[in-house]
Amino acid sequence: MYSYSKVNNLTGWTIFFIATLTYVLTVEETASFWDPGEFIAVSYKLQVPHPPGAPFFLLVYRMFSFLALGDGLQVAYWMNIASALFSSFTILFLFWTITLLGRKLMQVKKDEETLGQTAMLMGAGIIGSLAYTFSDSFWFSAVEAEVYAMSSFFTAIVIWAFLKWDVIEDPQKENQYMVFIAYLVGLSIGVHLLNLVTLPALALVVYFKKYPTPTLQGGVIAFLLGGIALVIINNIIIPGLPSVAGSLEIFFVNSLGLPFGSGIIFFVIVFLAALIAAIIYSINHRKIILNTVLLCLTFILIGYGSYALIVIRANADPVINENDPRDVISFVSYLKREQYGYRPLMHGQYFTADVIDQKEGAPVYAKGKDKYEIVDYQLVSIYDPNKTTILPRIYSTQERHRQIYRSKLGLREGEEPTFADNLYFMFSHQLGHMYWRYFMWNFSGRESDFSDSPYLSLWNTVTTEFPAYITENKAHNNYYMLPLILGLIGMFFQARYDSKSFWVTLMLFLMMGVILVLYLNSPPVEPRERDYIYVGSFYAFAIWIGFGAMALANQLKQINKNAVSAAFIATLICLPVPAIMAFQNWNDHDRSDRFFSVDSARNFLASCEPNAILFTGGDNDTFPLWYVQEVEGFRTDVRVIVLSYFDTDWYVRQMERPVNESAALDFTLEFENYKKGTNDVLYVVDRNLESIPLRDYLRLLKSNSDLLRLSSSYSSSLYTVPSRNLTLNIDMEAIAASGLVPPQFEDLIIPQMNIRIRGNYITKGSLMLLDLIATNDWKRPIYFNNTSLATIGFDLSSHVVMEGLTYRLLPVQKPDNQDELVNTDLAYHNAMNEFAYRNMNKPENYYDDEYRRFTSNHRSVLNSITIALIDEEDTVRAAEIMDLSLEKFPHEAIPYDLASGQSVPLLFELGKDEQALDIIEKMSDKAVQLLDFYDRTGRTMDREASISVEMLRYFIPVLRERGYTELSTRIQNEFDRLLGPSGGIPGLNRR
């Protein structure tokens, strides 16, 4: 017998299977760049990730790691499979959401569904859910172990659950379902907070059901009540309850003299007693609404209880223990993400505002021996009141951000921005560039995977002749605006026939899109594209895509009067929309068979001697290293130190204990000298000293010498560096006898290392690095990657030797006429025998722009080794390194880049003219195409264009020097044609 429920379930699970197959076939097999490396490592051993943590995510993904059956090399794959499955379930609940909303739109009553209605509903669900399955941003998150896949699942199931609640008629079951929803919301807190943003929109579902004749005023009140629920959970329950507990803890310990934990115990007992008493009261007095609200609160707290994992594991001292939130005070700071600073929302400064005063705000406590001690005060910056505004959008006072603001707004140096500039930036950059562009990527098309890539529309598709470097880019995806058009049709169709549900869908779309953009208040530049943040908004639009198919079926039904055939034909007509998306997106979303994110991490570690200390920079410098050490167990003897984390006391303290196979680090300074609020910044104050011995300075600082104290109005003491130059004496005889310095550099050993501070101050991280260098006394190898070496507060470039991808600190002085020191024997060995380059030479694999930037780093390193070998007249090994570079990173897989261009004179010098000319031909052709394209379209010169200009300039004299005058002249003519005598591109806005 025909059953709508069975058809709906079977079709939904079929779509689930299609989504699962898609994601499993394209899933990354190892840890991706960015956060997945960290999340896989911390999930595998239940460690503590960056704030605000994701404890429920860690627990679930830890379970998936068991499927690796103890094989560390398979752990990442199975955690990525978890994301694939959560994404598939998101698609399943999207399908059922579309059919639930479709029933309301068509006014279909339960158990009275006709075949025609069923066919139309299934067609809408199929088209909408498949379009989202193959959408750019959602597919990106579906194949990596990040929180966004699981967060999308919770968002989808909560929306579906509210719609299921809407069709329940039994009040008792209604309340039970609402408690279930509250539990889902509570669990989602332990993953990501996107779920909470849906609450104001979903409050309209409750209002429309309870008030059959709604009014505008009632709708607004319902929406605001949903917003209040959001604020209660996000601002009161999540950070508020622990904050109250922390205040009581400080009072009980500091004021009443009770032991640690007494305030927490008191708070928990009182809070739970009050909650239980309130629930009992609601039962005894039959207060149904109060009882439901209290039970919802209880189940939210039960879900939120997963955060106990963070505190428990922090106290277990795992290897990765970010912020070390082991007590209630540090836990509250962790939840509030205090380390990331503050972005003004409703009122704040313009970027030109100067700080006219700083005041000490609320005290910062830390757990001491017997009580909680004030270690610092929150500094409150007071800005010039004449340079503040409501709704501040151009607020960042960082010098780099100031320059970008001026560039985007067309403001000259010294010119003050206006409120109109503020609004312009909000609409053009935050809403336009950082949201609308992403929206169009998903439903219209994407030009490429280059940074800041525009979207494709019918207009620029028809009117623009794209160069090959864009059309051949695998992320050049053109949907001919079909998903957008179908979604707009569905939006108007729902608005016409079911205005109540339309307002719910519209609010979901806006809350997870436009409103989220305004709340996040993004700065003028981000480290990477942020489209994955707004997938919830794209999810809502996919509902309208489904309704677009239903609208077409409805029109066809008016013609042939057969609803079943109309639905079937409409589905077939619309099916090419998700099919085109799948076809266009597959090659740039297929991450199978690529491993360089992990191989690059292995190569960094392989560049280090045993028991080494390696300083790294940001996320992509560090997270893959954590992954290969903690999960794959590779080179756990190397102590990886994140340079920016070295500015915190908790991180330095963690370095003082052994982990894995790495011994503890030794410091001269003690915890009292580097604890929070102490020596966070040390200003350089000239005391007419040419230099000061580093070890003497550390001893003075350790004893809190008045010679270093700086008078100030702050409560805490400030200390100084009395000279910009610090010296470190070196025992040359001991160094020579130890064999520490390679033989080719023995004549560069120096009796004293001079360390010059770059700016007017050093941070705690730089201080502790200086301490480590002095105290270590060359016992353990100290290495830097290129990022950390460039960002430390003093210059060590003359005292490091390149041994592969890393630079080793040695007691040597680089000659002024030499770019860098290279240990050629060791670097050659590492590059040829120790480094991994899996599948980098496969043109069929997809390597996006970020991947290509990391391969450029490897190409540059191989160039440096080649240069050093040529300087040593070892042309045989130099040629082998160049052959390795061309073999492992061929143009067909990884297009030639700046580093490739810089290898051209090396190839000429090694007699490899054919390879050098091939690089010149390919890069010159690309440069001419690109600059011609930018000239025709009037685009602002970006990174790719700037590199192309420099390469053309670079190749011309190199070719002339080698006697290739014909090719040199041809490139010169193209250069003159495009850039003109003044070096500018006619009609092109140069950045």
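In short, a report on the structure.

## Quick word on the overall build of the chain
- For the chain, the count of helices and strands is 41 helices and 19 strands.
- Each principal axis of the C-alpha atoms in the chain carries an extent, and together these give about 95 × 85 × 65 Å.
- Looking at the chain residue by residue over its 991 residues, the buried ones come to 57%.
- Nonlocal contacts in the chain, meaning residues at least 24 apart in sequence, comprise 74% of its contacts between residues at least 6 apart.

## Overview of the nonpolar core
- Grouped together as the largest cluster of nonpolar side chains are 306 residues, with contacts concentrated most on Phe615 and Phe646.
- The element that contributes the greatest number of residues to this core is helix 4 (residues 72–106), accounting for 18 residues.
- The residues contacting Phe646, other than those within four sequence positions of it, are Phe615, Ile641, Tyr651, Val652, Met655, Phe667, Lys764, Gly765, Met768 and Leu769.
- Tyr350, Phe351, Leu411 and Phe425 belong to the second largest nonpolar core, which has 8 residues in total.

## Topic: the packing of helix 26 (residues 596–606) against helix 27 (residues 619–630)
- Contact geometry of helix 26 with helix 27 gives a least axis separation of 8 Å together with a crossing angle of 80 degrees. When the axes of helix 26 and helix 27 are compared, the pair comes out roughly perpendicular. Note on element contacts: helix 27 touches helix 26 through Pro624, Leu625, Tyr627, Val628 and Gln629, opposite Ser597, Val598, Ala601, Arg602, Phe604 and Leu605.
- For the contact of helix 26 with helix 27, a count of residues per class yields 8 nonpolar, 2 polar and 1 charged.

## Considering the sheet that holds strand 11 (residues 709–710)
- Taken in spatial order, the 4 strands make up an open sheet running 11-12-9-15, and their pairing is mixed. A single partner strand is all that each edge strand has here, and the edge strands are strand 11 and strand 15 (761–763).
- One ladder, built from 2 bridges, connects strand 11 with strand 12 (residues 718–721); its direction is antiparallel. Its bridge partner lying in strand 12, Arg709 is registered against Tyr719.

## Quick look at the side chain of Ser137
- Residue position: Ser137 is located in helix 6 (residues 136–142).
- Ignoring anything within four residues of it in the chain, the contact list for Ser137 reads Asn442, Asp531, Val535 and Phe538.

## Quick word on the sheet that holds strand 13 (residues 725–729)
- Read across the open sheet, the 3 strands follow the order 10-13-14; overall the sheet is mixed. Edge positions in the sheet fall to strand 10 (692–693) and strand 14 (752–756), since each has one partner strand and no second.
- For strand 13 and strand 14, the ladder comprises 5 bridges, and the chain directions are antiparallel. Note on strand 14: the bridge partner recorded for Leu726 is Ile755.

## Topic: the packing of aromatic side chains
- Taken as a whole, this structure holds 75 aromatic pairs when the rule is applied.
- For the pair Phe439 and Phe509, a centre-to-centre distance of 5.8 Å together with 75 degrees between the ring planes defines the contact as edge-to-face. Here Phe439 is found in helix 17 (residues 419–443), whereas its partner Phe509 is found in helix 21 (residues 499–511), with 70 residues between them in sequence. Considered together, Phe439 and Phe509 belong to a single accessibility category, that of buried residues.
- In this arrangement the basic side chain of Arg103 is found over the ring face of Tyr4, its NZ or CZ atom lying 4.8 Å from the centre.
- Positioned above the aromatic ring of Tyr828 is the side chain of Arg877, whose terminal nitrogen or guanidinium carbon lies 4.8 Å from the ring centre.

## Examining helix 39 (residues 913–937)
- Between its first and last C-alpha atoms helix 39 spans 36 Å; for 25 residues at 1.5 Å apiece the expected length is 36 Å, and the two agree.
- Residues Ala916, Ile919, Ile920, Met923, Ser924, Ala927, Val928, Leu930, Leu931, Phe933 and Tyr934 constitute the buried set of helix 39.
- Of the residues one or two after helix 39, Gly938 is the one with positive phi, at around 70 degrees.

## Describing the pattern of salt bridges
- Evaluation of the coordinates by the stated rule reveals 44 salt bridges.
- Between Glu174 and Lys209 there is a salt bridge, with the nearest N and O atoms lying 2.4 Å from each other. Taken together, the residues Glu174 in helix 8 (residues 171–189) and Lys209 in helix 9 (residues 199–210) connect sequence positions 35 residues apart.
- Judged by relative accessible area, which is 6%, Glu174 ranks as buried.
- Judged by its relative accessible area of 22%, Lys209 falls in the partly exposed class.
- Measuring nitrogen to oxygen at the nearest pair gives 3.0 Å for the salt bridge that ties Arg709 to Asp706.
- Judged by relative accessible area, Arg709 falls into the partly exposed class, the value being 33%.

Here is what the cut-offs are and how they apply
- Residue positions are given per chain, counting from 1 as you read along its sequence in written order.
- Owing to the predicted nature of the model, reporting of local features is limited to residues with pLDDT of at least 70; listing and counting of side-chain atom pairs is limited to 80 or more, with chain, interface and lining totals taken over all residues.
- Water and hydrogen atoms were dropped before computing side-chain values, which therefore reflect all heavy atoms in the structure.
- Helix numbers and strand numbers start at the N terminus; a helix is a DSSP run of H or I with at least 4 residues, a strand a run of E with at least 2.
- Here the term buried applies to any residue with accessible area under 20% of the maximum for its type, exposed to any over 50%, and partly exposed to those in between, with areas from a 1.4 Å probe on protein chains only.
- Contacts were defined at the residue level, with two residues in contact if any of their heavy atoms lie within 4.5 Å.
- Residues grouped as a nonpolar core are buried Ala, Val, Leu, Ile, Met, Phe, Trp, Tyr and Cys residues, joined through side-chain atoms within 4.5 Å.
- For helices, the axis comes from a line fit to the C-alpha atoms of the stretch in contact; other axes are also lines fit to C-alpha atoms, and the angle between any two N-to-C directions lies between 0 and 180 degrees.
- Any angle that is under 35 degrees is reported as roughly parallel, and any over 145 degrees as roughly antiparallel; angles of 65 to 115 degrees are reported as roughly perpendicular and all others as oblique.
- Classification convention: Asp, Glu, Lys, Arg as charged; Ala, Val, Leu, Ile, Met, Phe, Trp, Tyr, Cys, Pro as nonpolar; all other residues, Gly among them, as polar.
- For two strands to pair, DSSP has to find at least two bridges joining them.
- Only Phe, Tyr and Trp rings are paired, with Trp represented by its six-membered ring, and only when their centres lie within 6.5 Å; those with planes under 30 degrees apart are stacked, over 60 edge-to-face, the remainder tilted.
- Should the NZ of a Lys or the CZ of an Arg lie within 6 Å of a ring centre and within 35 degrees of the ring normal, that charge is described as sitting over the ring.
- Expected helix span is given by 1.5 Å per residue-to-residue step, counting one fewer step than there are residues.
- Here a salt bridge means any side-chain nitrogen of Lys or Arg lying within 4 Å of a carboxyl oxygen belonging to Asp or Glu.

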